[in-house]
Amino acid sequence: MDYFNAEEGKQIYGAPIGGIGCGTIGRGFSGEFCRFQLRPGMYEYNTVFANQFIVTVKDGNNKTLFQSLLSSYLRSNKDLIAWKSNINPEDCNYTGLYPRSWTEIDLSKYGIKLICRQISPVIPHNYKDSSLPCAIFSWTCENVAETDRKVSLTFTFKNGTGSKKQDRAGNPTTKDFETNLTKGVAIKQTITDMDCTYNLASLKKPGVNITCCKQFDPKGEGVSLWEDLLKNGRFTKEIADENLKKSEVGVGLCVDFLVKPRHQQEVEFALVWDMPKVHFPKKLNTYHRFYSKYFGADGNAGPKICDYAMENFPQWEKEIFQWQDQVLSERDLPDWYKSAIFNELYYISDGGSIWLTCDSTFGESLKNDDPRLHYGRFAYLEGHEYRMYNTYDVHFYASHALANLFPYLQISIQYDFKDSIYAQIDKRRKSLYDGKKTARKDRISVPHDLGDPEEEPFTLINCYNIHNVNDWKDLNTKFLLQVYRDFHVLKNLKSQQPSFNLEPKKYLHDLYEVCKTVINKTECWDTDKDGLIENSKCPDQTYDSWVMSGPSAYCAGLWLAALHCMYEISVILEKPEDASKYKDILDKGKRSFDEKLWNGKFYRFDTSDDCKHTVMSDQLCGHWYMKLCGFSYEVFPKENVRTALKTIFNNNVKKFKNGTMGAVNGFRIGENSRVDKITIQSEEVWTGVTYALAATMIHEGMLDEAFMTAGGLYNYISSQLGMNYETPEAIYSEKTYRAIGYMRPLAIWSMQVAWENMKRSEKI
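Since the model is a prediction, treat every value here as computed from it, not as a measurement.

### A few points about a nonpolar patch on the surface
So, point 1. Residues M1, Y3 and F4 make up a contiguous nonpolar surface patch of roughly 410 Å² in combined accessible area.
So, point 2. Among the secondary structure elements, F4 is positioned in the segment before β1 (24-27).
So, point 3. Since its relative accessible area comes to 79%, F4 is described here as exposed.

If you want it as structure tokens, here you go:
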């Protein structure tokens, strides 16, 4: 976390491209190729001007009518000064619905209209295709004139990621290629000592002509390429840029075709980045990205993936449409929600995610029935700026997206954490919060994270060093709750995988002993034996600047929910002694929770006098997860839950910016009611927590309140802040925010689970 050089929102982004865990390239709604994440977990906020689409329009007599870049953003330097954007932004329209987007460009004055469909292969339950490092750009060109139009569409791309020093050190070489299906051009290079090949390809078919430019100077004026297209509508000669030193190089692919009046022509481009082997800076291990399981790791898979993408993208679009239409066709859901539920999913791929093949963990070989052998190892960052993989207290909120769309990636994470609980790293370090030195990782503790991509993740875990996380009060309970939630999802899973399916009860059996170890460790934090764990008068949970003292609604509520899950797991696995033990603690804890924290209107933040008037928006987090696990009111009484929700809605939502910005984390009620400003996090609105709160409201039938709460926040972030595809963790009352591009907003998928559960119950 670099607090001195925090990233600011760019307000330029559209849907990013690429599958899951294979590296991503950002796109701007004005046509930018920007925000590269090809180095695992590391973001480079560069817009590369040489990466463009270009249109050339000629009449039937071969006279050039128009030529332009198909982007409208302002250039930041004088590279390629001959390349011009002559389109009017008023004639363009952009629509993003991840993992697809549509760009419409009206060039009717020159006789054509263009639509580009951008497709990334992110398809629920399709693990092979969703791992691919590629995108398809399917262009439709319509002739709206009364005479013929000869049109060419050109795709250009340069080596690297726009970081000058790194790009020049990449030693790029180029070559063209041709397969049975496609014709294209490639740039072979290294990116921070890792081999990566960019591949541009177009589908061969009748009526189109494909030509390649194997090199141009992306730092030159760009005259030769531009003039060749302007005059000939295709590449007709090798470009000999005088100043090309080959330290940086660009390539181009042009498709030209004739369109008759009132007819259309479809043209497809594929972009593939083949970077199968990766390492982290300490270079303790070399890893293979998951897609290499199907296409090899020799660095020559680009043309094969281009062909595969061209063959399969129509089916991808069909499957994406069928999946999304279940939401889009639902009349009772508001329009903002139909945007948010899919567009927040960008973070699964563009959250610094990495998906690797996996055959061992902490030096131990995996058993044959370990899901990671079949589905690999998956990790994503806490945030673009918060560089920690699988930050567990936050993943707890976000995991509903994975659990319901790619459940075996969630299962993989759980097995990684299962093994990491017993790991121990004795090296001592100083906590930034209090200066105390503690071990980096104690044995028998759920880690905060699985490491920093600038270090050596999966080996050097717990890179977070603000607090000593070995005794955080929410990590153990969140592990237990996710185990049961995953069991519940597996039990109700409709789609079966062709290669490997995990039997739900076996999952519980595999994780039972570690769950038992973890819950016994957690019980030690119940110092007065009242059935509730106590916080330690320091920020010892996900609200890591907000001090909790004694039993708290947040941590004690999670503890009770986890106890109930452990009781149920013990019953399922026929362990009556364990079940009886957990039931006794749970019953005692429920009584204490009600006596110490319920005040008739809400659950108290904690038992200290300082916070007795504070309404915490996340006080029902334990109940939220209980509902998502398929339970009802076994722990938290129905009347208490609904009364607390009304108190939260009337104060944290309606009294904060008139209900137009979500739920503020803390609100003090009384004669001088106000936002609680005891700490920075109490006065923040956390996007993911607001979505979780809205899901809880849906579970309780408070639909108007739910959609007002979450909708106000989403519309504010999307329309007023303009932070689409870079959703922050937190916002404040006056157009400021913290931690752009964050994991927790994926909690919106708990709203979808709540909605579907409600619809099912209505049919019964």
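That covers the picture; the talk isn't over yet.
### Concerning the nonpolar core
So, point 1. Ranked by size, the top nonpolar core spans 244 residues in total, and within it F137 and M751 carry the most contacts.
So, point 2. Ranked by residues supplied to this core, first place goes to helix α12 (residues 553-572) with 13 residues.
So, point 3. Each residue touching M751, except ones within four places of it in the same chain, is listed here: W336, Y337, Y691, A694, A695, I698, F707 and A710.
So, point 4. Counting residues in each nonpolar core, the second largest holds 13 residues, with V675, L713, M723 and I740 among its members.

### What about the sheet that holds strand β28 (residues 666-668)?
So, point 1. An order of β27-β28-β29 is seen for the three strands of this open sheet, with the pairing classed as antiparallel. Strands with a single pairing partner mark the edges of an open sheet, and in this sheet they are β27 (614-616) and β29 (674-675).
So, point 2. Looking at chain direction, β27 and β28 are connected through three bridges and run antiparallel. Bridging from a neighbouring strand, V615 pairs with F667 of β28.

### Observations concerning the packing of helix α10 (residues 475-491) against helix α11 (residues 504-523)
So, point 1. For the pair α10 and α11, the least separation of the axes is 9 Å and the interaxial angle reads 165 degrees. The angle between α10 and α11 falls in the class roughly antiparallel. The interaxial crossing formed by α10 with α11 has left-handed handedness. Contacts between α10 and α11 involve N476, T477, F479, L480, Q482, V483, D486, F487, L490 and K491 from the first element and P504, K505, Y507, L508, L511, V514, C515, V518, I519, K521 and T522 from the second.
So, point 2. Classifying every residue of the contact of α10 with α11 gives 13 nonpolar, four polar and four charged.

### Quick look at the environment of V272
So, point 1. Secondary-structure assignment places V272 in strand β16 (residues 264-274).
So, point 2. On the basis of relative accessibility, which here comes to 0%, the residue V272 falls in the buried class.
So, point 3. For the pair formed by V272 and C134, sequence separation is 138 residues and the distance between their alpha carbons is 4.3 Å.
So, point 4. When residues no more than four places from it in sequence are discounted, the contact partners of V272 are P133, C134, T197, Y198, N199, G302, I305 and C306.

### Focus: the pattern of salt bridges
So, point 1. By the definition in use, this model includes 41 salt bridges.
So, point 2. We note a salt bridge from R117 to E266, for which the minimum N-O separation is 3.9 Å. Of this pair, R117 sits in strand β8 (residues 112-119) while E266 sits in strand β16, and the two are 149 residues apart along the sequence.
So, point 3. Residue classification places R117 among the buried positions, given a relative accessible area of 18%.
So, point 4. Look at E266 and you get partly exposed, because its relative accessible area is 28%.
So, point 5. Of the charged contacts in the structure, one is a salt bridge between K516 and D578, with a shortest N-O distance of 3.2 Å.

### Looking at the sheet that holds strand β5 (residues 64-69)
So, point 1. With antiparallel pairing, the five strands of this open sheet are ordered in space as β5-β4-β10-β15-β14. The sheet terminates laterally at β5 and β14 (208-216), the two strands that pair on one side only. Between one strand axis and the next, the sheet turns through 15 degrees on average, direction left out of account.
So, point 2. For strand β4 (residues 52-59) and β5, the ladder comprises five bridges, and the chain directions are antiparallel. Residue K58 lies in a different strand from β5, and its bridge partner there is T64.
So, point 3. Helix α2 (residues 223-232) contacts β4, β5, β10 (149-158), β14 and β15 (250-259) of the sheet and is inclined by roughly 30 degrees relative to β4.

What counts, and where the lines are drawn
Residues numbered from 1 in each chain as written. Predicted model: local features only at pLDDT ≥ 70, side-chain atom pairs only at ≥ 80, totals over all residues. Heavy atoms only, no water. Patch = residues over 30% accessible without salt bridge, like charges linked within 9 Å, V, L, I, M, F, W, Y side chains within 5 Å. Areas by Shrake-Rupley, 256 points an atom, 1.4 Å probe, with all protein chains shown as cover. Salt bridge = Lys/Arg side-chain N within 4 Å of Asp/Glu carboxyl O. Helix = DSSP H or I, 4+ residues; strand = E, 2+ residues; numbered from the N terminus. Buried < 20%, exposed > 50% of the residue type's maximum accessible area, 1.4 Å probe, protein only. Core = buried A, V, L, I, M, F, W, Y, C linked by side-chain atoms within 4.5 Å. Contact = heavy atoms within 4.5 Å. Pairing = 2+ DSSP bridges. Axes fitted to C-alpha atoms, helices over the stretch in contact; angles between N-to-C directions. Parallel < 35°, antiparallel > 145°, perpendicular 65-115°, else oblique. Left-handed = near helix turned anticlockwise from the far one by under 90°. Nonpolar A, V, L, I, M, F, W, Y, C, P; charged D, E, K, R; others polar.

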